[in-house]
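# Examining the three-dimensional arrangement
In case you want the letters, here they are:
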Amino acid sequence: SGFVSQDLYLHGFFSASIKLPADYTAGVVVAFYMSNGDIFKKTHDEIDFEFLGNIRGKDWRVQTNVYGNGSVGIGREERYNLWFDPSDNFHQYSILWTDALIVFYVDNVPIREVKRTKAMGGDFPSKPMTLYATIWDGSNWATNGGKYRVNYRYAPYVVQFSDLVLHGCAVDPIEHSSACDAVLPSGSIPSAITRKQRVQMENFRKRHTTYSYCYDRARYKVPPPECVLNAKEAEHLRSSDPITFGQGKRRFTRHRHRRVSASSM
């Protein structure tokens, strides 16, 4: 179940305060994301926040991902631990999307920046998208690769949303045209990462990143061309998982959203 915005947007700032389900949430996936998969079946764009549930006593994990022009063959996933329990209270999760960059925020702290580069080509999201929020059963992959599945004895799983922000350039759904050339910046709406925020992001990534496709040596012998490697991030990941981020070998399995019905917001 979930909800979807009535409008399509081309760039903007999109945010929600979210409180996740508590207790045993293995296999549960909560997604806050933008997509145009319903319009562009084979060349869709997507910008994802996904929250991956866990067994009792283990923390929720956050995953971010970016697709452009149907580039699902090159997953750009990153996963993180949080410095708080997201089921205790509401926390703000935000996406800034411009024609030059994408930034993911948690409580106004940037945790990931994706810059548009020539190397990415058409893989950078560039077509109008709709905002979605969903909760669904990801038993096959969400928790320890599917080892722990959704246990419906703990249902219902309730996720709460508040303080929605959809500050973007609305696009005509038929013509895909827009009358606004620039919707950013505006007052409290960010347009880029400040110097202070960049320090916060670097500290977060060194402490809380648990997976990044750019450092996955088992998956990519040579990092994808848009990757900008950071020696401290690389060492942090290598120390936590030398097989994935060192010289080991394993088989990678890619995961995608399960589409669910949603009511208009």
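Attention here is on the structure that accompanies the text. Bear in mind that the values here come from a model prediction, so they are computed numbers and not experimental data.

## What about the side chain of Asp-123?
In this structure, Asp-123 sits in the loop between strand 9 (109-115) and strand 10 (130-137). Judged by relative accessible area, Asp-123 falls into the buried class, the value being 16%. Here the side chain of Asp-123 touches Arg-76 through a polar contact of 3.1 Å, side chain to side chain. Ignoring anything within four residues of it in the chain, the contact list for Asp-123 reads Tyr-67, Gly-68, Ser-71, Ile-74 and Arg-76.

## Comments concerning the layout of surface pockets
Quantified by volume, the largest pocket comes out at close to 550 Å³. Contributing to the lining of the largest pocket are 21 residues, with Glu-113, Val-114, Arg-205, Val-228 and Glu-233 lying nearest its centre. Secondary-structure elements contributing two or more residues to the lining of the largest pocket are strand 9 and helix 1 (195-208). The class makeup of the residues in the lining of the largest pocket is nine nonpolar, three polar and nine charged.

## Description of helix 1
What sets the pattern is the α-helix's 3.6 residues per turn: residues three or four places apart point alike. Between the first and last C-alpha of helix 1 there are 20 Å, a value that for 14 residues agrees with the 20 Å anticipated at 1.5 Å per step. Regarding helix 1, the residues found buried are Gln-197, Met-201, Phe-204, Arg-205 and His-208. Each buried residue of helix 1 sits inside an arc of 95 degrees when the element is viewed along its axis, so together they form one side. Counted as exposed and oriented over 90 degrees from the buried face of helix 1: Arg-195, Lys-196 and Arg-207. Tucked into the core, helix 1 has its buried residues touching strand 6 (78-80), strand 8 (101-106), strand 9, strand 12 (209-212) and helix 2 (231-240).

## Examining unusual backbone geometry
With an omega of 5 degrees, the peptide bond between Ala-155 and Pro-156 qualifies as cis. One non-glycine residue, Asp-23, adopts positive backbone phi at about 70 degrees. For Asp-23, a relative accessible area of 44% corresponds to the partly exposed category. Notably, Asn-108 is not glycine yet its phi reads approximately 70 degrees, a positive angle. With respect to the helices and strands, the residue Asn-108 is situated in the loop between strand 8 and strand 9. Residue classification places Asn-108 among the partly exposed residues on the basis of a relative accessible area of 46%.

## Notes on the sheet that holds strand 11 (residues 160-171)
Taken in spatial order, the five strands of this open sheet run 9-8-7-2-11, and their pairing is antiparallel. Where the open sheet ends on each side, the last strands, each with one partner, are strand 9 and strand 11. The mean angle between the axes of side-by-side strands here comes to 10 degrees, regardless of whether they run parallel or antiparallel. Bridging between strand 8 and strand 9 involves six bridges; their strand directions are antiparallel. Paired with Val-106 across the two strands is Val-109, which belongs to strand 9.

## Observations concerning the environment of Tyr-132
Residue placement: Tyr-132 occurs in strand 10. In this structure the C-alpha to C-alpha distance between Tyr-132 and Ser-35, which are 97 residues apart in sequence, comes to 7.5 Å. Excluding its chain neighbours within four sequence positions, the residues that come into contact with Tyr-132 are Phe-3, Val-4, Ala-31, Phe-32, Tyr-33, Ser-35 and Asp-38. Of the polar contacts made by the side chain of Tyr-132, one reaches the side chain of Asp-38; its length is 2.9 Å.

## A word on the pairing of strand 8
Among the six residues in strand 8, six count as buried, and that is most of the element. Here strand 8 shows no split at all, with Leu-101, Val-103 and Tyr-105 on one side and Ile-102, Phe-104 and Val-106 on the other all buried. Two strands pair when backbone bridges link them, and strand 7 (residues 91-97) and strand 8 are joined in this way by five bridges, in the antiparallel orientation. Paired with Leu-96 across the strands is Val-103, a residue of strand 8. Counted between consecutive antiparallel strands, the loop separating strand 7 from strand 8 contains three residues.

## Some details on the packing of helix 1 against helix 2
As a packed pair, helix 1 and helix 2 sit with axes 8 Å apart at the nearest point and diverge in direction by 20 degrees. Between helix 1 and helix 2, the crossing angle belongs to the class labelled roughly parallel. Contacts from Arg-205, Lys-206, Arg-207 and His-208 of helix 1 reach helix 2 at Lys-232, Glu-233 and His-236. When the residues that make up the contact of helix 1 with helix 2 are grouped by side-chain class, the tally is no nonpolar, two polar and five charged.

## Observations regarding the environment of Gly-246
If you trace the backbone, Gly-246 turns up in the loop between helix 3 (242-245) and strand 13 (263-264). Look past the residues within four positions of Gly-246 in its chain and what remains in contact with it is Arg-217, Arg-238 and Asp-241.

Reading the values: the criteria
- Residues numbered from 1 in each chain as written.
- Predicted model: local features only at pLDDT ≥ 70, side-chain atom pairs only at ≥ 80, totals over all residues.
- Heavy atoms only, no water.
- Helix = DSSP H or I, 4+ residues; strand = E, 2+ residues; numbered from the N terminus.
- Buried < 20%, exposed > 50% of the residue type's maximum accessible area, 1.4 Å probe, protein only.
- Polar contact = N/O pair within 3.5 Å; in protein donor to acceptor, adjacent residues only side chain to side chain.
- Contact = heavy atoms within 4.5 Å.
- 1 Å grid on protein atoms, 1.4 Å probe; cavity = no way out; pocket = protein on both sides within 12 Å on 5 of 7 lines; lining within 4 Å.
- Points joined across faces, edges and corners; volume = space filled by probe spheres on them.
- Nonpolar A, V, L, I, M, F, W, Y, C, P; charged D, E, K, R; others polar.
- Expected span 1.5 Å × (residues − 1).
- Arc of directions from axis to C-beta.
- Pairing = 2+ DSSP bridges.
- Axes fitted to C-alpha atoms, helices over the stretch in contact; angles between N-to-C directions.
- Parallel < 35°, antiparallel > 145°, perpendicular 65-115°, else oblique.

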